[in-house]
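# Commentary on secondary and tertiary structure
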Amino acid sequence: MVSPSQPSLHEVDWSKIPAPEDDGAARHLTGLAAPDVVLAATDGTEVSLARVPGRAVVFAYPRTGVPGQISPVPDWDMIPGARGCTPQACAYRDLHKELTAAGAARVFGLSTQDTAYQREAAERLHLPFPLLSDERLALAKALRLPLMEVGGMMLIKRLAMVLDDGRIAKVFYPVFPPDRNAADVLAWLQQDRRP
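This write-up is about the structure you can find in this document. Worth saying up front: this structure is predicted, and the values here are computed from it rather than measured.

## Re the packing of aromatic side chains
- Tallying each qualifying case throughout the model produces four aromatic pairs.
- Ring geometry for Phe 59 versus Tyr 92: centroids 4.2 Å apart, planes at 5°, classification stacked. Within this pair, whereas Phe 59 is found in strand β3 (residues 55–60), its partner Tyr 92 is found in helix α1 (residues 85–94), the two being separated by 33 residues in sequence. Judged on exposure class, the residue Phe 59 and its partner Tyr 92 are both buried.
- Each member of the aromatic cluster is reached from another via a ring pair, and the members are Phe 59, Tyr 61, Tyr 92 and Phe 129.

## Quick word on helix α5 (residues 181–191)
- Residues of α5 that are buried: Asn 181, Ala 182, Val 185, Leu 186, Trp 188 and Leu 189. All buried residues of α5 fall inside an arc of 165° around its axis, so they share one side.
- The inward-facing, buried residues of α5 abut β3, α1, α2 (96–101), β8 (159–164) and β9 (167–172).

Parameters and conventions
- Residues numbered from 1 in each chain as written.
- Predicted model: local features only at pLDDT ≥ 70, side-chain atom pairs only at ≥ 80, totals over all residues.
- Heavy atoms only, no water.
- Phe/Tyr/Trp six-rings, centres within 6.5 Å; stacked < 30°, edge-to-face > 60°.
- Helix = DSSP H or I, 4+ residues; strand = E, 2+ residues; numbered from the N terminus.
- Buried < 20%, exposed > 50% of the residue type's maximum accessible area, 1.4 Å probe, protein only.
- Arc of directions from axis to C-beta.
- Contact = heavy atoms within 4.5 Å.

Now the structure itself:
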C-alpha cells in the first residue's frame with residue numbers, strides 16, 4: 001500500500017509517522033503456551049506454533065502492500081503502527097542467517113491476509129521464511145493478540161514473539177520503527193542463548 005506522501009514501500013521517513021503507544025494489550029502473552037491452531041503458510045505447509053520444536057521467531061504485522069497500489073484506507077500512514085510491514089519483513093529477510101545462527105530454528109511472519117496475498121509478498125520480497133495466514137483470526141483470538149480494526153478489516157497490531165518449544169518466552173510490543181524490529185530480536189537472541 002503506497003501513501004501519496006511516502007510512495008516507497010521500502011524507504012520511509014519514520015519521523016513523519018506516528019509511533020504506536022504501549023496500550024498493555026500484549027502484557028499477558030509472555031509465558032503462554034501457543035494454542036494448537038493450524039495456519040496455512042506461504043511455502044504450502046500448515047504450521048501450528050504449538051508444535052514447532054526449538055526456538056521460533058514470529059513477527060506479526062497488519063498487512064503488506066503491493067507496489068503501485070494506493071492504500072484502500074485513507075491516511076494509512078497516520079494510523080499508529082500501521083505503516084512499515086514491508087520494511088519489517090525485509091529486515092527479517094536481511095538478518096535471517098544471523099537470526100538462525102543466534103538460535104532461531106524457524107522464523108515466521110504472521111498477518112490476517114489470505115495466503116495468496118501473502119504468497120505474492122513472500123515471492124516479491126524473496127523471503128527465506130514462510131508467512132502464516134490467520135485470516136480467520138483463530139490464533140489472534142486464542143492468544144488475545146492486540147488487534148485493530150481499519151477500513152472494515154481486523155488486523156493484528158505489529159509485534160514480535162520468541163517461542164521456545166511452543167511457549168512464548170519474549171514479546172516485543174509495541175514495535176517502532178518496524179525496520180529495526182529484527183535487529184532488536186536478534187540482539188535479544190544473542191543475549192538469551194539456549195543450551
